[in-house]
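# Commentary on secondary and tertiary structure
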Amino acid sequence: MILASFVNSSSDDSDEEQGTIINLASHRRMIRTATDALELPDRAFIKSFRESKDIFVSILRDIEPRFAPVKGRGLTVKEKLAAALRFLAEGSYQHGVGQDYVVAIAQPTFSASFQAILDAMEATLCPKWISLEMSSNEKQEARRYFFRKSEIPGIVMCVDGTHVPIIAPKINKDQFYNRKGFSSLNVMMLCDHQMNIRYVNARYGGANHDAHVWTVSNVDSYFEAKHRNGETAFRVLGDSAYPSKPWLVTPKRNAAHDTPEARYNSKHVQGREIVERTFGLLKSRFRCLSDARQLHYAPQKAAQIVNLCSALHNLKISQNV
């Protein structure tokens, strides 16, 4: 009798739990049906999604053709986009999507849709908004800015690396364990005078040195080709972690105190300060990249997220959001 009572009790608990899950799913679906993120006030919308409504609609228009028509109770592309942007902004499912009164989506549903929306956004936005190519006016403005800051001629961009925390991968863990004691991607970025991210490489783990990431990327050959074609005033400012080259300007090594070399290095630091500010702005806009968070994805997917956030960052700058 005791055993029978226990089994019945367990069965009742299981039925109750199942009913709660069904009710919660129904409740979330009802919220999504009754609300539209675009009906939020402008300031609330930007706070929630880190983009303006105009940018949201523009992205939606670009990616929508990549998705099949919605059947039955499936998520619309607008709902998938809103959930993805909310996650990127908050950096966690629990406080960003699952308990949202506008984007109410269960975690399994979000996980299933996130990869597709991530692929579509990366393919659509990154080629359009991340580019090393600069117009003549942009080059002139950049040279003026960096010369004013560093007194070094011909600088158009800065380069540096930043660590984006990730969960330790199952394969090649040692390649991602950095000297600070956690797993990460060592993300190399180049930015211009307006904090636009001109290049991003998030393919390498935190154990890799900045110089290695530069050397194995295609960015070195790009600037070398510019230099050989006569564009000698198209140079990059980098710290001492990078190899010194005609197109990559690094500090003077072993500069004695109060010497011309030391003063040169001081101005060099002032010139490349903007790349640190770019990292700070990017990570504050998209908390999924924050040092206080951790991306719980495989390195390849985490790199996609970094790429996408970089493109969205540039898009915001272009629209003065």
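A brief structural summary.

Cut-offs and rules
- Residues numbered from 1 in each chain as written.
- Predicted model: local features only at pLDDT ≥ 70, side-chain atom pairs only at ≥ 80, totals over all residues.
- Heavy atoms only, no water.
- Helix = DSSP H or I, 4+ residues; strand = E, 2+ residues; numbered from the N terminus.
- Buried < 20%, exposed > 50% of the residue type's maximum accessible area, 1.4 Å probe, protein only.
- Contact = heavy atoms within 4.5 Å.
- Areas by Shrake-Rupley, 256 points an atom, 1.4 Å probe, with all protein chains shown as cover.
- Salt bridge = Lys/Arg side-chain N within 4 Å of Asp/Glu carboxyl O.
- Axes fitted to C-alpha atoms, helices over the stretch in contact; angles between N-to-C directions.
- Parallel < 35°, antiparallel > 145°, perpendicular 65-115°, else oblique.
- Left-handed = near helix turned anticlockwise from the far one by under 90°.
- Nonpolar A, V, L, I, M, F, W, Y, C, P; charged D, E, K, R; others polar.
- Expected span 1.5 Å × (residues − 1).
- Polar contact = N/O pair within 3.5 Å; in protein donor to acceptor, adjacent residues only side chain to side chain.

### Points about the overall build of the chain
- Secondary structure assignment for the chain yields 12 helices and 5 strands.
- Scored against the burial criterion, the 321 residues of the chain give a buried share of 49%.
- At a minimum sequence separation of 6, the contacts of the chain that also span at least 24 residues come to 65%.
- In the form shown here, the chain has an accessible surface area of approximately 16,700 Å², with 51% of it arising from carbon and sulfur atoms.

### Concerning the pattern of salt bridges
- Counted under the stated rule, the structure contains 13 salt bridges.
- Across the pair Arg-86 and Glu-90 runs a salt bridge whose closest N-O atoms are separated by 3.1 Å. With a gap of 4 residues between them, Arg-86 and Glu-90 both fall in helix H4 (residues 77-90), about one helical turn apart. Glu-90 carries the same exposure label as Arg-86, and that label is buried.
- The partner of Lys-226 in a salt bridge is Glu-133, and the shortest N-O contact between them spans 3.6 Å. Residue Lys-226 is located in helix H9 (residues 219-228), and its partner Glu-133 is located in the loop between helix H6 (107-129) and helix H7 (136-150); the two are separated by 93 residues in the primary sequence.

### Points about the packing of H6 against helix H12 (residues 299-318)
- The contact between H6 and H12 brings their axes to 9 Å, and the two run at 50°. Relative to H12, the element H6 lies oblique. The hand of the H6/H12 crossing is left-handed. From H6, Phe-114, Gln-115, Leu-118, Asp-119, Met-121, Glu-122, Leu-125, Cys-126 and Trp-129 reach across to H12, where they touch Lys-301, Gln-304, Ile-305, Asn-307, Leu-308, Ala-311, Leu-312, Asn-314, Leu-315 and Ser-318.
- The residue makeup of the contact of H6 with H12, split by class, is 11 nonpolar, 5 polar and 3 charged.

### Considerations on H4
- For H4, with 14 residues, the first-to-last C-alpha span of 20 Å sits near the 20 Å given by 1.5 Å per residue.
- Counting buried residues along H4, 13 of its 14 residues qualify, which places the element largely inside the surrounding structure.
- Following H4 by one or two positions, Gly-91 adopts a phi angle in the positive range, close to 85°.

### Quick notes on the environment of Tyr-199
- Topologically, Tyr-199 is positioned in strand S3 (residues 197-201).
- Between the C-alpha atoms of Tyr-199 and Ser-131, which are 68 residues apart in sequence, the distance is 6.3 Å.
- If we ignore the near neighbours within four places in the chain, the residues touching Tyr-199 are Ile-130, Leu-132, Met-188, Met-189, Leu-190, Ser-217, Asn-218 and Val-219.
- At a separation of 3.4 Å, a polar atom in the side chain of Tyr-199 contacts the side chain of Asn-201.
- A polar contact of 3.1 Å, which involves the side chain of Tyr-199, links it to the side chain of Asn-218.

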